[in-house]
Amino acid sequence: MASDREVFPDGTQVAYTVTHIAKDKDDKDKEYSTLYLLDVATGTSRKMTSGQAKDMSPEWSPDGKTIAFLSDRNEKPQIFLLPVDGGEAQQLTTLKQGAGAP
């Protein structure tokens, strides 16, 4: 299911979250979410994150080069920064109780 959409200010791209259910390491059903980027002109979507985490609440940087998002990949939710042109997400916060949506 698609949710958490964030439209780039010029309307050309949309960052959004897709939620899915998969088995965890203990073979139990667990909910995960992945970030995608949609090019509005072509209708093409590109997967931005992967793995067994909840990546959610995308927000564009003012210059449009980075997407900030919330992820529980390190147990407590923290804010990560992801370059739109490719590359690895970098953790921005290390709050003991976890962070809220950017």
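Up top is the structure these notes are about.
The structure displayed is predicted, hence computed values, not measured ones.

Peer 1: Sorry if this is basic, but what is going on with the packing of aromatic side chains here?
Peer 2: To describe a pair of aromatic rings, one takes the distance between the centres and the angle between the planes. Under the definition given, this model contains three aromatic pairs. Between Phe8 and Trp60, the aromatic rings sit 4.8 Å apart at their centres with planes inclined by 65°, giving edge-to-face as the arrangement. Here Phe8, found in the loop between strand E1 (2-7) and strand E2 (13-23), pairs with Trp60, found in strand E5 (residues 55-60); they are 52 residues apart in sequence, far enough to count as distant. What makes Phe8 buried here is its relative accessible area of 13%. With 5.8 Å between their ring centres and 25° between their planes, Phe69 and Phe80 make a pair best called stacked. Pair noted here: Phe69 is in strand E6 (residues 66-71) and Phe80 is in strand E7 (residues 78-83), with a separation of 11 residues, a long-range link. On the basis of relative accessible area, Phe69 is assigned to the buried category, the value being 0%. Owing to a relative accessible area of 3%, Phe80 belongs among the buried residues under this scheme.

Peer 1: Is there a simple way to explain the pattern of salt bridges in this structure?
Peer 2: Once their charged atoms are close, side chains differing in charge can pair, the charge on each being opposite to the other. Across all of its chains, the model carries one salt bridge by this definition. The partner of Asp55 in a salt bridge is Arg73, with the nearest N and O atoms 2.9 Å apart. A residue pair is termed long-range when its members are at least 10 positions apart, and Asp55 in strand E5 and Arg73 in the loop between E6 and E7 qualify at 18 residues. Residue Asp55 is classed as buried on the basis of its relative accessible area, which comes to 1%.

Peer 1: Can you walk me through unusual backbone geometry in this structure?
Peer 2: Among all residues save glycine, negative phi is the norm, and among peptide bonds the norm is trans. One non-glycine residue, Asp27, lies in positive phi territory at about 65°. With respect to the helices and strands, the residue Asp27 is situated in the loop between E2 and strand E3 (29-39). We classify Asp27 as exposed; its relative accessible area is 55%. At Ser57, a residue that is not glycine, the phi angle is positive and equals roughly 55°. Here Ser57 shows up in strand E5.

Thresholds, definitions, all that
Residues numbered from 1 in each chain as written. Predicted model: local features only at pLDDT ≥ 70, side-chain atom pairs only at ≥ 80, totals over all residues. Heavy atoms only, no water. Phe/Tyr/Trp six-rings, centres within 6.5 Å; stacked < 30°, edge-to-face > 60°. Helix = DSSP H or I, 4+ residues; strand = E, 2+ residues; numbered from the N terminus. Buried < 20%, exposed > 50% of the residue type's maximum accessible area, 1.4 Å probe, protein only. Salt bridge = Lys/Arg side-chain N within 4 Å of Asp/Glu carboxyl O.

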